[in-house]
Each structure stands twice: as C-alpha cells, then as structure tokens.
Amino acid sequence: MNEKVNITINGVPLRVDENKTILDAAEELNIKIPTLCYHKDLCVAGNCRVCVVEQVGTNKLPAACATPVHDGMEIMTNSLKVRNARKHIIELLLAEHNAECTKCYKNGNCELQELAAEYKIINQEFMNLVADHGCTIDDFSPSIMKDDSRCIRCQRCVRTCAELQGVNALTVAYKGSEMKISTFFEKPISDVVCTNCGQCVNHCPTGALIEKNYIEEVWEAISDPEKHVVVQTAPAVRVGLGEELGFEVGERVTGKMVAALKRLGFDAVLDTDFTADLTILEEGTELLHRLKEALVDKNPDVKLPMATSCSPGWIKYIEHMYPEYLPNLSSCKSPQQMFGALVKTYYAKERKIKPENIISVSIMPCTAKKFEANRPEMHDSGYRDVDYVLTTRELAIMIKQAGIEFMKLPDEHYDRLMGESTGAGVIFGATGGVMEAALRTAYEIVTGREVPFENLNITAVRGEDGLREAKIKIENPVKEWAFLDGVELKCAVAHGLINAREVMELVKSGKSDYHFIEVMACPGGCLGGGGQPIPTDPEIRKRRMEAIYAEDMGMPIRKSHENPEVKQIYQSFLGQPYSEKSHELLHTKYLPRERY
Amino acid sequence: MNSTQTLIKDLARQYGRDRRNLLPIIQGVVEQENYISEFAMIEIAKELNMPASDVFGTASFYSFLEHRKMGFYVIRVCKTIACAMKGTNQIMHAIEDMLKVKIGETTPDGKFTVLQTNCLGWCHKAPAMLINDEVFTDLSPERVREILGEYMRKNR
C-alpha cells in the first residue's frame, strides 16, 4: 500500500498516493495541465516545460509531469505567474519552430499548434531562429519523413525508439542551440537500423516526423478510367479509423469504412483478412512441416522455433539485429503482400482484367508496410505487387477530402473474390492474434478436433504483457500427424520490439524450447501500429483490442480453414497449402542487413 | 584487425565494457587519432554492445571530441566576447591568410585545422587560442605568424 498525502490543487483538497506526480494528481481532479514532451507510453523527460505549475509558498515553477507530490503541497495550475510562464515557453518553442502551419502535413493534428491556439499566441515576441538552424529534411525513406525545422526537441521519438522498440535509430546529438534529433552520423533514416515501424511518427507531437503519404498518387489512380483500382484493408484499420472521423475510441467501423471506400471510387473493396486466413493455412502448414522435419526426420537445416513474418517492422528488425536467425522466420509473406501477389494474378485472371491495368492499394495501420511494398522481393506477380500503401490516418484524410459524412454512412459489405474473411483473420490486428488463429487451424488439422478452449478463445495468448507464453498439448492426432501425439506445443508471443529482443535473447541463450513465436513490432500489435490514429496510448490500445475480439466473436466463421473463398482459391488456383504455386507467389526470403 | 580496432579493444579492456566507460574510450581514440571516425564509433558500439547512434550522440555533444577528420594540429581560436573585443578578428585573418584555409577547414597537407572555440578561461590575457593542448595568449597578428611559422617548420 502506498502512503497517502494531502495536497491542494487550485484550492481543491485531494488525498493522493505519494508516488504520484502533480500531473497525475491534477488528472484525478479533471484539471488539464498542457503537456508536450510527456507521453503515457514513455518515461518522464521534463524538458519542454509547458506543464509548469506554481507551488504556493516557493519561488519555483515545477514541471508537473516530473515532480512528485508531497504532503501539504499547494499547487496552482492557472495563476497569472503560471499563465505568463507557460505562454513564454510556448512562444520560445515557436521561435525555433517552422510555424508555417498551413504548409504542414500535421496541420489540424498538431499538439504544438493546439497549444498555440489555446494560448492565442498571435504576436511574435521572440526573434525567429528557424532560418539560422540550417535544418534538413530527410525524405529518402519510403515510410517516414523527418523535418528538423518542425522539431521541438521534446525527444519523444528518441524515447519511443529506445524504450518501446529498443532499436535506437534516433538519438540526441550536439548540444545547446545546435542540439538536434539525429540518426547515427546524421545519415538518412533509410540508411540506418530504423525498422520503419512509425512509432516515432505516432508519438511526435508536431510535424517533425510524419509518414510519407501517397494520397495524391491514389487519387490520381482512382481518377484514371483505364485503371482498375483495388483496395485491401488490414484488420486493425476497422477498429481505429472511427477515432479520426468522430467516433469514440474502440468503435468498430468495418461497414462504414467499406461504404466510404466505395464512395471514394475504388473499383473493388477487398479485405486483407482474406489473405490473413490464407497466411494461416500457409504458415500453419509450414509449422507442421517444420515440426515433422525437425522432430522426425532430424533435418539440421530446419530451424525451430519458427517465427511469424507478418510484421514488416519485425522483419527488418531481425534482418538488422539477429540476421543469424533469418532461417527461423516463416517464409510466408505478410497478408498485405500475399494479397498484392494474388490481385495481379488470381484476381486478374478471374475478373478478366489485365494485371498491368490494376493498381493495388492497401490501407494499413502501419508505416513499415510502405517499405515492405517497396522491397525488390515483392514483385512475384510480375508487377509491383502492392502499388501504394496508405495508413489509417491517410484514409481518414481522403474521406474528409471527399466530403463524405462518415458517421452517417450505411454499413456495406466487402466485394467478393478476396473479400471474405473469418474471425481468425480479424484477430491478426491484435498481439497474439496470429498465434491464436494459427492454433485454431493447426490443432484441427492435426487432431481433427477444435481447439479445446471455450468459444475457440485461446485467452492464454491474449493480453497486454510484453512477452507471453502458452502451451497446448496435442492428444490423439489423426494418423498423418501421429508423431505429434503427446507433444506439448510451446508458443511465445511478443509485441513491441523491446520484447522481441527479450524473446530472441531467450532463444539465443538456448534457455527456451519454443516451437512457435509470434512477434509484432508495435505495442499491442497492429492495432497500436505506427499508422494508427494519433494519439495512441495504453488505454486506447486496450479499447481497440476489445473491439478486435468483439469483431471476431461477431463473425459467423471463426477459423481460417473454413473461409469459403480460401477453399475456393486452393481448389481453382493454388492447389494446396505449401504447394509450388504457393511458394512462387506467397513465400519469400529476407536478407541480412548491417546492425550498425 | 587494423590499428583503430586494436586501439579500441585495448581501451575497452582497460576501462571496461560498461556503457559508463564510453567517454574515456572515445577520449582515448581522439587522443590517438585526433578525431573519432564513423568507423571507430561503430567499433566502439560493437565492443560495448550499445547502439551506434548513442556513441554518435555522446561524441557530438562534446566540442573537443571531433567526429570529422582533423589536421595533425588543431587550432582553436576563442570566439567569445573578451577575445573578440581584443581583436580575434585580426587573429583569424592572420591565420586564414597564412594557412590559406577558412574556419572549419583543413590544410591540403593535412597538417592544420582551424576552428573556433568557446571561452578558454584566458580572458585576462585575451585574445587566446589553442593548438592541440597548448595555450597561446596575448596574441597579435605578428605573434600568430611567429607561432604558426614555428609549427609549419615542425615535423608531425
């Protein structure tokens, strides 16, 4: 039990845990103190100073985010002294900030702009120093753009990259007025260990770090009558998009999203969940093959544990940090890339459309998907498999641009042929989802029975812990998989690359005996992805997660292998899971990269 | 293994491989090589098992841990106010004129680099400059020409 202390904030008495900060305490009283460098996902930095408050009886203006309460403390959050100080702080930040807001991608969704609006910073009291800084713009990466002239040096991005992801692509370099957020040796982001996860973009309070957007390119494709523009939507988009368009956090907007996409002018609105189901069949089969080859045939070239390969941030992370474990990655492409490869082959053939006339667009909660689509490996259809990747945020911008009243849209259904999905496909959007979906299918393939969990909900792999483990015992398998009788399948689930490192170190040390590992680069899985609405914090991730599992429960089919369109594609096009045709289109290889 | 790698391994052995030993290791490299190269930073990062970006962040914070290739003699002329009032301008002109380089540049033979520095603490004997670790004060353009002439005759 924590000791309680008595304090007052703006004259209101409050009894509060002594380990709380002034900011936490004020929140309990529903008093808002503005913040910039503070973020619920990150450690306290206390460097921007906009959260200063007055401590009565002292000369101090402590930073509310970084100062713990103590007994008898009297705090004023809105005294004249505080207002003046705060206003000056904002003005000073703006003096070093490229405040051409109308020419900024984050215009309308910028924490600094909001503060400036709130405090009505109209006159420029301080000399503007932006021009003196010689700021650079880095737009070499297909995923992320960095504009130092918009940076307020709050270091949220640096803390994000270090604390949530353990990647440390960004650092604080130089000092004083020359201090800047930099990569190693000020190289372009595309040349360093960056995984393109976009968590820095999601945590940046200004327009200093943004996704590279492809909105205009997509509008152009849509307006070209020669082109058949196909769009796919990732599972996590439907539980995030509503936040950008007026709905409460955690609202599922699947039907409205489909309706909006049709109104935007896409020729076919299809579902990445379809290829998520396909991924399960390919990846589940691959796992069973690997188990057979490793346990029965004792083939030394077959590596266990097998790791999932859906998250492109995780793929690039392992390429940089653990290249010796690349053979452990499932050879399956991510659902996005499977979809892309099939759109310009299977779909084109069935629909009798020339693949060169198809533009394939995907809506992803992710910035790393932009990089993934740009990989030279991803041209197995004979064309670029996925032409443009938009984030959830970019889709919201397009919907607003089109003048669509999103909240009033009717619910509509995905188009057919690669639009059918199951609950198993939906849960790809949450950490543990790929594992759960794979287990639902693999267990049934092996034993002929459903997984022994109530309502198929494998709760052991769900949740918010960074690293979770689960075991599932295989009993009475069918004849083909008899060698698995009594085998306890050991699984691990990690999300956030800092936890990926933990699981990889366990594997490396030989202390673990996992068979199957799921890793998602972003905290919470894709629902907390770098391309999701800003803000994203622990509470918001939790609500989106509940929405994902509710969506799963609401689906009539909840096992990937029962998806009728998946059955159909194997019958008419791919043959069977893990076939030669599958390998040609749906599987790939990755390459080691430099760690430094 | 080249000499930089050997040097870094020796330094890591001497100071230890904890993160907190980063600074003395960087200093050790700068002492030997006059600057810390990209290559050296990566080697340190490997040796200490830490992100290369953090080595860069730390090195770039300190003015005297240069990460661009420096000449054999690094001339640092004080740019702060006491020296400025006593004629840093003329000192700078004399140096640039004699070495035919501007601030921040290195002579083509790689012998001299000219930089500016913050206060050296010799305000009472302004203007002042450093050549590597040696301080020169009460400078005048004639005195600078004299000093540099001696350095130019010196072997490395």
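Here the structure is a predicted model, which is why all the values come from computation and not from measurement.

Residues and elements named next belong to chain A. Inspection of the secondary structure assignment puts Glu 283 in helix H9 (residues 272-296). Comment: no salt bridge for buried Glu 283; closest opposite-charge side chain is Arg 290, at 9.1 Å. Contact partners of Glu 283, with chain neighbours within four places excluded, come to Met 306, Thr 308, Ser 309, Cys 310, Ser 330, Cys 332, Val 434 and Phe 516.

Residues and elements named next belong to chain B. Strand order in the open sheet formed by 4 strands is E2-E1-E3-E4, with mixed pairing between adjacent strands. Pairing within the sheet leaves two strands with one partner each, and these edge strands are strand E2 (112-117) and strand E4 (134-136). Put simply, the sheet's adjacent strands are angled 20° from each other on average, direction ignored. Its contacts with the sheet put helix H6 (residues 88-99) on strand E1 (73-78), E2 and strand E3 (129-131), and the angle it makes with E1 is roughly 155°.

Turning to the domain arrangement of chain A, a few remarks are in order. All names here are of chain A. Looking at chain A, the domain boundaries give domain 1 (4-92), domain 2 (96-211) and domain 3 (286-331 + 423-535 + 548-586). Here the C-alpha centre of domain 3 lies 36 Å away from the C-alpha centre of domain 2. Across the boundary between the two partners, domain 2 contributes 18 residues, which contact 20 residues of domain 3. When domain 2 packs against domain 3, the two sides together hide about 1,400 Å² of surface, and 52% of this comes from carbon and sulfur. The largest share of the area that domain 2 buries against domain 3 comes from Gln 165, Thr 195 and Asn 202, three residues that together contribute 36% of it. Here domain 2 is connected to domain 3 by 8 residue pairs in polar contact (both at pLDDT 80 or more). Elements with a minimum of two residues in the side of domain 2 that touches domain 3: helix H4 (156-164) and helix H5 (199-203).

Nonpolar side chains in soluble globular proteins tend to be buried together. With 66 residues, the main nonpolar core has Leu209(A), Trp314(A), Ile26(B), Ile36(B) and Ile44(B) as its most contacted residues. Per element, the largest residue contribution to this core is 6 residues, and it comes from helix H3 (residues 38-48) of chain B. Formed by 42 residues, the second largest nonpolar core is a distinct cluster that contains Val461(A), Val487(A), Ile548(A) and Tyr549(A).

Time to look at the interface of chain B and chain A. Listed as interface residues are 20 residues of chain B and, on the opposing side, 16 residues of chain A. Surface buried jointly by chain B and chain A totals about 1,500 Å² across both partners, of which 62% is contributed by carbon and sulfur atoms. Summed over the three residues of chain B that lose the most area to chain A, namely Glu38(B), Ser53(B) and Phe56(B), the buried surface amounts to 36% of that side. Summed over the shared surface of chain B and chain A, the result is 1 salt bridge. In this structure, the salt-bridge partner of Lys187(A) is Glu38(B), at a minimum N-O distance of 2.7 Å. Taken together, the links from chain B to chain A amount to 9 residue pairs in polar contact (both at pLDDT 80 or more). Top element by residues in the side of chain B that touches chain A is helix H4 (residues 52-61) of chain B. It accounts for 7 residues. Split by residue class, the side of chain B that touches chain A holds 9 nonpolar, 7 polar and 4 charged.

Residue and element names in this part refer to chain A. The step from Leu 304 to Pro 305 runs through a cis peptide bond, and the omega angle for that step is -5°. Mapped onto the secondary structure, Pro 305 falls in the loop between H9 and strand E12 (306-307). A positive phi angle, near 50°, is found at Asn 476, a position not held by glycine. With respect to the element layout, Asn 476 can be found in the loop between strand E15 (467-473) and strand E16 (488-495).

So, on to H9(A). All names here are of chain A. A rise of 1.5 Å per residue sets the reference length of H9, with its 25 residues, at 36 Å; its end C-alpha atoms lie 35 Å apart and thus fit the reference within 8%. With 20 of 25 residues buried, H9 is to be regarded as a mostly interior element. Between a side-chain oxygen at the N-terminus of H9 and the backbone nitrogen of Asp 273 the separation is 3.1 Å; the capping residue is Asp 271.

Once that is clear, we can look at the pairing of strand E2 (residues 12-17) of chain A. The pairing of strand E1 (residues 4-9) of chain A with E2(A) spans 6 bridges and is classified as antiparallel. Bridge pairing in E2(A) links Lys4(A) to Asp17(A).

Take the sheet that holds strand E4 (residues 74-76) of chain A next. By way of backbone hydrogen bonds, the strands of a sheet pair with one another, either parallel or antiparallel. Taken in spatial order, the 4 strands line up as E2-E1-E4-E3 (chain A) in an open sheet, and their pairing is mixed. Two strands close off the open sheet at either side, each with one partner strand: E2 and strand E3 (54-55) of chain A.

All right, on to the packing of helix H2 (residues 22-33) of chain B against H4(B) then. The relative placement of two packed helices is expressed as an angle between their axes plus a distance between the axes. Residues and elements named next belong to chain B. The N-to-C vectors of H2 and H4 enclose an angle of 70°; their axes lie 11 Å apart at closest approach. Relative to H4, the element H2 lies roughly perpendicular. Contacts from Leu 22, Leu 23 and Ile 26 of H2 reach H4 at Asp 54, Val 55, Thr 58 and Ala 59.

Calculation criteria
Residues numbered from 1 in each chain as written. Chains lettered and ligands numbered in written order. Predicted model: local features only at pLDDT ≥ 70, side-chain atom pairs only at ≥ 80, totals over all residues. Heavy atoms only, no water. Helix = DSSP H or I, 4+ residues; strand = E, 2+ residues; numbered from the N terminus. Buried < 20%, exposed > 50% of the residue type's maximum accessible area, 1.4 Å probe, protein only. Lys, Arg positive; Asp, Glu negative; His and termini not counted. Salt bridge = Lys/Arg side-chain N within 4 Å of Asp/Glu carboxyl O. Contact = heavy atoms within 4.5 Å. Pairing = 2+ DSSP bridges. Axes fitted to C-alpha atoms, helices over the stretch in contact; angles between N-to-C directions. Domains from an automatic or database assignment. Buried area = accessible area lost by both parts, 1.4 Å probe. Polar contact = N/O pair within 3.5 Å; in protein donor to acceptor, adjacent residues only side chain to side chain. Core = buried A, V, L, I, M, F, W, Y, C linked by side-chain atoms within 4.5 Å. Nonpolar A, V, L, I, M, F, W, Y, C, P; charged D, E, K, R; others polar. Expected span 1.5 Å × (residues − 1). Parallel < 35°, antiparallel > 145°, perpendicular 65-115°, else oblique.

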